[in-house]
Amino acid sequence: MQVIKFEELAGYLASRKDFIIQLGEQTGIGSSNSLIQKNGLIGVIDCGMAFEGTGVNKITTFPAGDLLRGIHIDFIILTHAHFDHSGWILPLILAHPESRVFFSKKTLELLKVVLEDTLNIQKKVARAADRTGLEAPAPLFTKQDVSEFLARAEDGSYEVFDSDNEDVWITFEDWPGWEFGFTFSGHMVGAFISLIKCPDGDGIVFSGDLSGHKQETTDGVKTISESFLEMAKFRDCKRIILVIEATYGNRNRAETLETSDARLKAVLEETERHGKQALFLVFQLNRGPNIVKKLVKLGFKVFVAGGVRKTLAIEVGAELVAKWLADKTVIFIENGLNYANMLQSAARGEYGFRPVVTSSATLDQGAGVEFAIQMLPVKDNVLISTGHVFDGSAMQEFFQVKDQPIGPGKTIVLDRMIDNSLVKTPVNVRCRGEHFDYSAHSDQSELVTFVDGLKPDMVFVNHCMEDGFNGLRSALRDKLRDDSPQIEHLSHLRLLKL
Ligand SMILES: [Zn+2]
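The shown structure was predicted, so the numbers you read here are calculated from the model rather than taken from an experiment.

So, the overall build of the protein chain
Part 1 of the argument: Each helix and strand counted, the protein chain has 15 helices and 25 strands in total.
Part 2 of the argument: Relative to its length of 498 residues, the protein chain is compact, with a C-alpha radius of gyration of 23 Å against a globular reference of 23 Å.
Part 3 of the argument: The buried share among the 498 residues of the protein chain stands at 45%.
Part 4 of the argument: The contacts in the protein chain between residues at least 6 apart in sequence include a share of 72% that link residues at least 24 apart.

This is how it looks when you write it as structure tokens:
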């Protein structure tokens, strides 16, 4: 139960004792990267990157341990495609050809999009650095790395399964006594909960990111189903040890999803009555496709730009997206010569009332910035944020200035990418701003329901700040009383014995 220095890890590994440690950073959005040693095997669950601050001042934090070079890793599990879980996974997998690697089919589809984007961004950053005579930052990975990874994923070198549609248990002849199980987690398309049955009789559950409530693209998962547990007689385990996320361990949703939807519809209808437009800035994974589907459900037509164009079919279904495009329920911005014209037309409402959904959830670079430059200065337009507002982001700045009285100084400065250079651009803010909490994470009550259903003997809480841990622990103790298991915070570099 102690915080160690990474250099001490080798000694603990050599001891062959069972333990778990979190190598990811927990500040800001945090990154997830757990290492477990159990019954002689060493496994890694997720390998993400964390961001603090945004835009050009963004600091990327890598998990401790330089890809664990020199350590024999027996298995690597990637729970879902979000960057804070997957951002550093490709170099980790390539650095450990000895590992068995587990992920879902949908995660692979989304990773292809994310990896291609990362390569493009790296190219742009390198060109911009070249132009200014600065040294380009070292690339995270190369085009060859990506091709190699994708080729191996296709040729069956990795364990890739469709956990969105069916529960799976996997065993290996050379690992007698081990069983690996995967079941959908509700968090986003492709996300799963991982279960490991160990030879000594222990059962370990890694929740990954969870959602107990329904989203537009996924059904919520309240707790792990008994039928899935029964497939591997998991209830017979000597101990059930749960490692659970607690991003929202300290809070419950402020309004019901139905109330949020009704409020959203009212805001959009009012904007339409004024003859003005709405701009949604979203992450391209999960949130973007969810918002597009929600808007269509609420009866609106949608204009889509940025990376959401690529993730929409993967998360919503290719058939439905093809139908939307054919009947113009959804219009995609076109790359190339038409791009600038279409952007202007959409921003000015020339396609009728049609909310714009585009990536750049933080308003720091990305496709959304160009729309913001056009749309923020117009009174009665509305900018809608549907996720966490990050500290230091232009989005946060927007929400700080939007309610100030009109006058000089009611501007925010956005980073615009022109000819591979960043140009600081002041933008007047006259539009409205609204925030909706369409979280993809279980809130406190949903986390408690999950734990109560599984009834673990030990709970390790990770992927949260101190307040998330404290919130979940007290809620669990209130609910479970005398049955409350031991609860520990698996924070950065804290080594917990199993
Ligand atoms: Zn996630």
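This is not the end of the story, as more comes after the structure.
Topic: the sheet that holds strand β22 (residues 432-435)
Part 1 of the argument: Within the open sheet, the six strands sit side by side as β17-β16-β18-β15-β19-β22. Their pairing is parallel. Looking along the sheet, the strands with just one partner apiece sit at the ends: β17 (330-332) and β22. Taken pair by pair, the neighbouring strands of this sheet meet at an average axis angle of 25 degrees, ignoring direction.
Part 2 of the argument: Pairing geometry for strand β19 (residues 382-385) and β22, over four bridges, is parallel. Opposite Ser385, over in β22, you have His435 as the bridge partner.

So, the domain arrangement of the protein chain
Part 1 of the argument: For the protein chain, the assigned domains are domain 1 (2-251 + 440-497) and domain 2 (257-435).
Part 2 of the argument: Look at where the C-alpha atoms of domain 1 and domain 2 centre, and you get two points 31 Å apart.
Part 3 of the argument: Residue-level contacts link 22 residues of domain 1 with 25 residues of domain 2.

Details of the sheet that holds strand β13 (residues 202-206)
Paired through backbone hydrogen bonds, the strands of a sheet run either parallel or antiparallel to each other.
Part 1 of the argument: One open sheet accounts for seven strands, arranged β10-β11-β12-β13-β14-β23-β24; its pairing is mixed. A strand with exactly one partner marks an edge of an open sheet, and here the two such strands are β10 (168-170) and β24 (486-489). Neighbour-to-neighbour, the strand axes of the sheet open up by a mean angle of 15 degrees, direction not taken into account.
Part 2 of the argument: Docked against the sheet, helix α14 (residues 444-454) engages β13, β14 (239-245) and β23 (458-462), running at close to 170 degrees with respect to β14.

Observations concerning helix α5 (residues 143-154)
Part 1 of the argument: Under the 1.5 Å per step criterion, the end-to-end length of α5 is 17 Å for twelve residues, consistent within 8% with the ideal 16 Å.
Part 2 of the argument: Just downstream of α5, Gly156 is the residue with a positive phi angle, here 85 degrees.

A few points about the packing of helix α4 (residues 105-132) against α5
Part 1 of the argument: Contact pair α4 / α5: the axes reach a minimum separation of 10 Å and the direction vectors enclose 170 degrees. By the angle class used here, α4 and α5 are roughly antiparallel. For the pair α4 and α5, the contacting residues are Leu108, Lys112, Leu115 and Leu119 in the first and Lys143, Val146, Leu150 and Ala153 in the second.

Quick look at the nonpolar core
Part 1 of the argument: In this structure, Leu279 and Val461 are the most contacted members of the largest nonpolar core, which totals 122 residues.
Part 2 of the argument: Looking at this core, you find at least three residues from each of domain 1 (2-251 + 440-497) and domain 2 (257-435).
Part 3 of the argument: Contact partners of Leu279, with chain neighbours within four places excluded, come to Val356, Phe371, Ala372, Met375, Leu383 and Ile384.

A closer look at unusual backbone geometry
Most peptide bonds adopt trans geometry, and most residues besides glycine take a negative phi value.
Part 1 of the argument: Positive phi values are uncommon outside glycine, yet Asp46 reaches one of about 65 degrees.
Part 2 of the argument: Tracing the backbone through its elements, the reader meets Asp46 in the loop between β4 (41-45) and β5 (50-52).

Re α4
Part 1 of the argument: An ideal rise of 1.5 Å per residue puts 40 Å on 28 residues; α4 measures up with 41 Å between its terminal C-alpha atoms.
Part 2 of the argument: Within the span of α4, buried status applies to Lys106, Thr107, Leu110, Leu111, Val114 and Leu115.
Part 3 of the argument: Phi turns positive one or two residues past the end of α4, at Gly133, with a value near 75 degrees.

So, the packing of helix α8 (residues 287-297) against helix α9 (residues 308-316)
Helix-helix packing is characterised by the crossing angle of the two axes and by the distance between the axes.
Part 1 of the argument: One way to put it is that α8 packs onto α9 with a least axis distance of 8 Å and a crossing angle of 75 degrees. The orientation of α8 with respect to α9, classified from their angle, is roughly perpendicular. In contact with Gly288, Pro289, Val292 and Lys293 of α8, α9 contributes Val308, Thr311, Leu312, Glu315 and Val316.
Part 2 of the argument: Residue composition of the contact of α8 with α9, grouped by class: five nonpolar, two polar and two charged.

Regarding the pairing of strand β18 (residues 356-359)
On a regular strand, one side chain projects to one face of the sheet and the next to the other, so that they alternate.
Part 1 of the argument: Because side chains alternate across β18, one face comprises the buried residues Val356 and Thr358, and the other comprises Val357 and Ser359, equally buried.
Part 2 of the argument: Direction of pairing for strand β15 (residues 278-282) relative to β18: parallel, over a ladder of four bridges. By the bridge assignment for β18, Val282 is matched with Ser359.
Part 3 of the argument: Note that strand β16 (residues 302-305) and β18 share three bridges and pair parallel. When the bridges of β18 are listed, Phe303 appears paired with Val356.

Some details on the environment of Lys222
Part 1 of the argument: In this fold, Lys222 is placed in the loop between β13 and α6 (226-231).
Part 2 of the argument: Distance from Lys222 to Ser442, taken between C-alpha atoms, is 9.1 Å for residues 220 residues apart in sequence.
Part 3 of the argument: For Lys222, the residues in contact, after removing those within four places along its chain, are Gly212, Thr449, Phe450 and Gly453.

Describing the environment of Gln122
Part 1 of the argument: Checked against the element boundaries, Gln122 lands in helix α4.
Part 2 of the argument: Residues Gln122 and Thr142, spaced 20 residues apart in sequence, show a C-alpha to C-alpha distance of 9.2 Å.

Considering the environment of Asp391
Part 1 of the argument: Here Asp391 shows up in the loop between β19 and α13 (394-401).
Part 2 of the argument: For the pair Asp391 and Thr362, spaced 29 residues apart in sequence, the C-alpha to C-alpha distance is 9.5 Å.

Considering the confidence of the model for the protein chain
Should pLDDT be low for a region, the predicted coordinates there are not to be read in detail.
Part 1 of the argument: Per-residue confidence for the protein chain gives a mean pLDDT of 91; residues scoring 70 or more make up 95%.
Part 2 of the argument: Per-residue pLDDT stays below 50 along residues 53-57; that stretch engages in 14 contacts with residues further than four places along the chain or on separate chains.

Calculation rules
Residues numbered from 1 in each chain as written. Predicted model: local features only at pLDDT ≥ 70, side-chain atom pairs only at ≥ 80, totals over all residues. Helix = DSSP H or I, 4+ residues; strand = E, 2+ residues; numbered from the N terminus. Rg over C-alpha atoms; globule rule 2.2 N^0.38 Å. Buried ≥ 20, exposed ≤ 12 C-beta atoms within 10 Å, placed from the backbone. Contact = placed C-beta atoms within 7 Å. Pairing = 2+ DSSP bridges. Axes fitted to C-alpha atoms, helices over the stretch in contact; angles between N-to-C directions. Domains from an automatic or database assignment. Expected span 1.5 Å × (residues − 1). Parallel < 35°, antiparallel > 145°, perpendicular 65-115°, else oblique. Core = buried A, V, L, I, M, F, W, Y, C linked by C-beta atoms within 7 Å. Nonpolar A, V, L, I, M, F, W, Y, C, P; charged D, E, K, R; others polar. pLDDT = per-residue confidence, 0-100.

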